[in-house]
Each structure stands twice: as C-alpha cells, then as structure tokens.
Amino acid sequence: MDLTVQDVVLHLLDNIALPENTVDQLITGSLDRKVTGIIIAFMPTQYVIEQAIQQGANLIIAHESPFYNHHSHTDWLANDSVYMDKRKLIDEAGISIYRCHDIIHRFQPDGITEGLIQALGWSSYVEQRIPEADILSFPEGSTVEAIAHHVKSSLGIDYVRVAGNAEIVCKRAAVLVGFRGNGHVTIPLIQNEQLDLIIAGEGFEWETPEYIRDAVQQGKSKALIMMGHAESEAPGMKLLADRLAERFPELSVRFVGEKPLYTVI
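Residues numbered from 1 in each chain as written. Predicted model: local features only at pLDDT ≥ 70, side-chain atom pairs only at ≥ 80, totals over all residues. Heavy atoms only, no water.

Colleague: Which parts of the structure should I look at to understand the overall build of the protein?
Modeller: For the protein, the count of helices and strands is nine helices and eleven strands. Taken against the 2.2 N^0.38 rule, which gives 18 Å for 265 residues, the C-alpha radius of gyration of the protein at 20 Å falls within 12% of a compact globule. With the principal axes as the frame, the protein shows a C-alpha extent of 60 × 40 × 35 Å. Buried positions account for 50% of the 265 residues belonging to the protein. (Helix = DSSP H or I, 4+ residues; strand = E, 2+ residues; numbered from the N terminus. Rg over C-alpha atoms; globule rule 2.2 N^0.38 Å. Buried < 20%, exposed > 50% of the residue type's maximum accessible area, 1.4 Å probe, protein only.)

Dropping the structure here:
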C-alpha cells in the first residue's frame, strides 16, 4: 500500500493530545503526497534538506522549525535571501516538512528525554520521571568532571560547559533537554529533589548558571553541565527514526545529524 504523509502523521499522533497552541504542523508540502522516503532530523537545515534530496526522500520530520522561529512564521523573512533560497530548494524538490515538537515531548516517557538517556547509557540510573526532567541517582564516587567527559564521549561532541564545582561527587542529578535549563525550572528542582547537579541543553546564562555560582560561593556543592540544545535533543529524534523504521519497513527511514553548530576558538 502506498503511504502518504497523512498516514505517517496519523501514526505520530496516535493517542497524543496536543495543546491548542501546538507548533506541530505540516510546514511545507501536502498531506496527500505519497512518501518516497523519510528523513528524521533535529533541525531541517540546508544540509539536511540536501541529504533528503540525495537519498530520494520527500518527507522530513524535524523537531524544530526550518525557518528560525518557534512558530514557523515566514512573513518577516519574505525578502531574506537565505530564507528564499532554502524555500525554493524545498518547493522545487517537492519536500514535505512536518514539525514534530509537541508530539514527541508528550510520548510516555518523553521521547526526547528518553533518547538522550539511552544515548548516555543511563537508563538504570533513572529514579523518577517528571514532565520536565528525569531525576537520576549516580553510582557512588561519580564526579561532575567524570560525568561531563562521559557526556562528551557518549554524544560525540567536542565540549560541554560546566559551571560550579566540577570536583564534587554527584549523587543526584536532573537531566533536562532543550530549552528547559532556565531558573524557574531548575532552581525548584535543585531544592525539592536535593540535587547536586543539573544537566541541561540550554537556558538563559544569567539564571541557572548565576544561581550555581552563588551557591558555590556560599559553600554549597552544586554544579551545572550545559550540553547545547541540539546535542540534548538530537538523540531523541534518532530514537524516533529507529521506531519509525520498525513501523514502516517498506520505507527508507533515516536519521540525519548535523555537525555541532559552534566552534570554540
């Protein structure tokens, strides 16, 4: 049976209740288009689109928007050459892009967090799952510095950013993906869950990092590891690709990763 974009979207939406203001939508293309192949990505970058074309795939399922803002608005980009060239490539290739942001975060457990935890090999450390984070208990003697090196090697990234005391032994930590690293989320967790360490994707630099700085100055053993937004969420999209490949064996379903966005000089 020929599968359409709609068929794949309905599978993703199975038993998922989306919020009224969801950003999940078909951004380009049409729902009735026959799917020739699926590319899964964290971000539908120029490179990812070019890879889809080379691999003969006409459906991209991405966690973030292709057009540089959360709600995929394009009116403000109407005369921008980068946007116009990217949109032309998408339209001429006949590629449908479906945003899978809210859906995967509503999997049970959260599909993005689960993918990261699996990639880090920490499934057995998970003590509690709450909507915004996984709470972990680390083996005795685990230092923040050792955990940071493990994150780097497991995710294949060149660096993470550490605030606070990297030499402390970490017993309890929270793992928060994407843009969940802001103070209104992390600070109550630190107190309520008696955490030594926050491991997050990103957040405002003047919130959680400055809280950690003050805590250390007061003599408290606290630390923060920031992985990067894409670095924390791409593993969850790769897990989605593996699951969709099992569900639709008649289609080529591949995850396409990107190089790290920043170079540290």
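Moving on from the coordinates now.
Colleague: Explain the nonpolar core to me, please; I cannot follow it from the model alone.
Modeller: As a rule of thumb, nonpolar side chains are buried together in soluble globular proteins. Counting residues in each nonpolar core, the largest one holds 47 residues, and the members touching the most others are Ile61, Trp122, Ile199 and Leu240. If we skip the residues at most four places from it in the chain, Ile61 touches Val8, Leu12, Ile38, Ile39, Ile40, Ala41, Tyr98, Cys100, Met237, Leu240 and Leu244. Among the nonpolar cores identified, the runner-up in size contains 16 residues, and Val48, Leu77, Ile97 and Val256 belong to it. (Core = buried A, V, L, I, M, F, W, Y, C linked by side-chain atoms within 4.5 Å. Contact = heavy atoms within 4.5 Å.)

Colleague: Just checking my understanding: could you explain a nonpolar patch on the surface for this structure?
Modeller: Taken together, the side chains of Tyr68, Trp76 and Val82 define a hydrophobic patch exposed on the protein surface, amounting to about 340 Å² of accessible area. By secondary structure assignment, the location of Trp76 is in the loop between strand 3 (59–62) and helix 3 (81–93). Judged by its relative accessible area of 51%, Trp76 falls in the exposed class. (Patch = residues over 30% accessible without salt bridge, like charges linked within 9 Å, V, L, I, M, F, W, Y side chains within 5 Å. Areas by Shrake-Rupley, 256 points an atom, 1.4 Å probe, with all protein chains shown as cover. Salt bridge = Lys/Arg side-chain N within 4 Å of Asp/Glu carboxyl O.)

Colleague: Before we go on, may I ask you to explain the packing of aromatic side chains in this structure?
Modeller: Taken as a whole, this structure holds five aromatic pairs when the rule is applied. Ring centres of Phe67 and Tyr83 lie 5.1 Å apart, and the angle between their planes is 80°; this geometry places the pair in the edge-to-face category. In this pair, Phe67 is assigned in the loop between strand 3 and helix 3 and Tyr83 in helix 3, connecting sequence segments 16 residues apart. Judged on exposure class, the residue Phe67 and its partner Tyr83 are both buried. When the centroid spacing of 5.6 Å and the interplanar angle of 65° are considered together, the rings of Tyr125 and Phe138 count as edge-to-face. One end of the pair, Tyr125, is in the loop between helix 5 (111–120) and strand 5 (126–130); the other, Phe138, is in the loop between strand 6 (133–137) and helix 6 (144–155), with 13 residues separating them in the sequence. (Phe/Tyr/Trp six-rings, centres within 6.5 Å; stacked < 30°, edge-to-face > 60°.)

Colleague: Just checking my understanding: could you explain the pairing of strand 4 (residues 96–99) for this structure?
Modeller: Walk down a regular strand and you will see the side chains alternate between the two sheet faces. Both faces of strand 4 are covered, namely the face carrying Ser96 and Tyr98 and the face carrying Ile97 and Arg99. Alignment of strand 1 (residues 26–28) against strand 4, held across two bridges, turns out to be antiparallel. What sits directly across from Thr28, in strand 4, is Ile97. Summarising the sheet, strand 3 and strand 4 pair through four bridges and their orientation is parallel. (Pairing = 2+ DSSP bridges.)

Colleague: What am I meant to see in unusual backbone geometry here?
Modeller: It is generally the case that most residues other than glycine have a negative phi and that most peptide bonds are trans. The amide bond that connects Gln108 to the next residue, Pro109, takes the cis arrangement and shows omega of 0°. Along the chain, the position of Pro109 falls in the loop between helix 4 (102–105) and helix 5. Although it is not a glycine, Gln194 adopts a positive phi angle of roughly 50°. Secondary-structure assignment places Gln194 in the loop between helix 7 (183–192) and strand 9 (197–200).

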